[in-house]
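# An overview of the molecular structure
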Amino acid sequence: MIKRTGEVVLAVTGLVISVLMQAAIATIGLLMVNGAKGKEGLATYYNNYYQTLTEMEIPKNDIPDPDRVFDFVHMLSWTALSGGIITLILGVVGIFYIINNKKPVLSGFLFLAAGIVSLLCTALIGFIPALLFVIAAMLCFVRKPKSGFSGF
């Protein structure tokens, strides 16, 4: 029986970093959206948005519409939140199957899927946890238990 300590450590580390990162993105986005609710919050958002971009000396033609930025942040926060839940489920199930070397190939596919979901749901910010998941998946695919039969 092969010990799968490396896969478990990489998967747990990737899972913790990924879920924390996705929770932070979702929290920041949802706080921004909730803070801008109402006429006063939205007016403050517009004023700060244009003031910051004017101070950075960005031409008016290159400034994106603040409503589009606001909608993007709102969409990204919900995507990160749902992606965090999916990543958590895939990672925990993959860790469950890799412990005691039950189904390493299935765990590899689950870790690979968790890495892809983590990467895409954070708009490519979650590169490090996705890389850890992919390395754990490759170890699951490559490492094979030694055969008890020595052959001829």
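Residues numbered from 1 in each chain as written. Predicted model: local features only at pLDDT ≥ 70, side-chain atom pairs only at ≥ 80, totals over all residues. Heavy atoms only, no water.

An unreviewed UniProt entry annotates the protein chain as DUF4064 domain-containing protein of Listeria seeligeri.

### Thoughts on the nonpolar core
With 14 residues, the main nonpolar core has Leu90, Ile95, Phe111 and Phe133 as its most contacted residues. At the level of secondary structure, the elements contributing two or more residues to this core comprise helix H1 (5-35), helix H3 (66-98), helix H4 (104-121) and helix H5 (127-142). Tallying contributions element by element places H4 first for this core, with five residues. Contact partners of Phe133, with chain neighbours within four places excluded, come to Ala11, Gly14, Leu15, Ser18, Thr87, Phe111, Ala114 and Gly115. In this structure, Tyr49, Leu53, Ile63 and Phe70 belong to the second largest nonpolar core, which totals seven residues. (Core = buried A, V, L, I, M, F, W, Y, C linked by side-chain atoms within 4.5 Å. Buried < 20%, exposed > 50% of the residue type's maximum accessible area, 1.4 Å probe, protein only. Helix = DSSP H or I, 4+ residues; strand = E, 2+ residues; numbered from the N terminus. Contact = heavy atoms within 4.5 Å.)

### Re the UniProt feature "transmembrane region" (unreviewed entry) in the protein chain
The UniProt feature table records "transmembrane region" (unreviewed entry) at residues 12-33, 78-99 and 111-142. The span residues 78-99 is 95% helix and 0% strand, and its two end C-alpha atoms sit 32 Å from each other. Annotation note: span residues 111-142, helix share 84%, strand share 0%, distance between end C-alpha atoms 14 Å. (UniProt positions renumbered as here; feature names shortened; annotations may be inferred.)

### Details of the pattern of salt bridges
Applying the stated criterion to the full structure yields two salt bridges. A salt bridge links Glu7 to Arg4; the nearest nitrogen and oxygen atoms lie 2.9 Å apart. With relative accessibility at 6%, the residue Arg4 sits in the buried group. Among the ionic pairs, Arg143 bridges to Glu7, the shortest N-O distance being 3.0 Å. Note that Arg143 is positioned in the segment after H5 and Glu7 in helix H1, a separation of 136 residues in sequence. (Salt bridge = Lys/Arg side-chain N within 4 Å of Asp/Glu carboxyl O.)

### Quick look at the side chain of Ser118
Among the secondary structure elements, Ser118 is positioned in helix H4. Look at Ser118 and you get buried, because its relative accessible area is 1%. Other than its neighbours up to four places away in sequence, Ser118 contacts Ser18, Gln22, Thr87, Gly126, Pro129 and Ala130.

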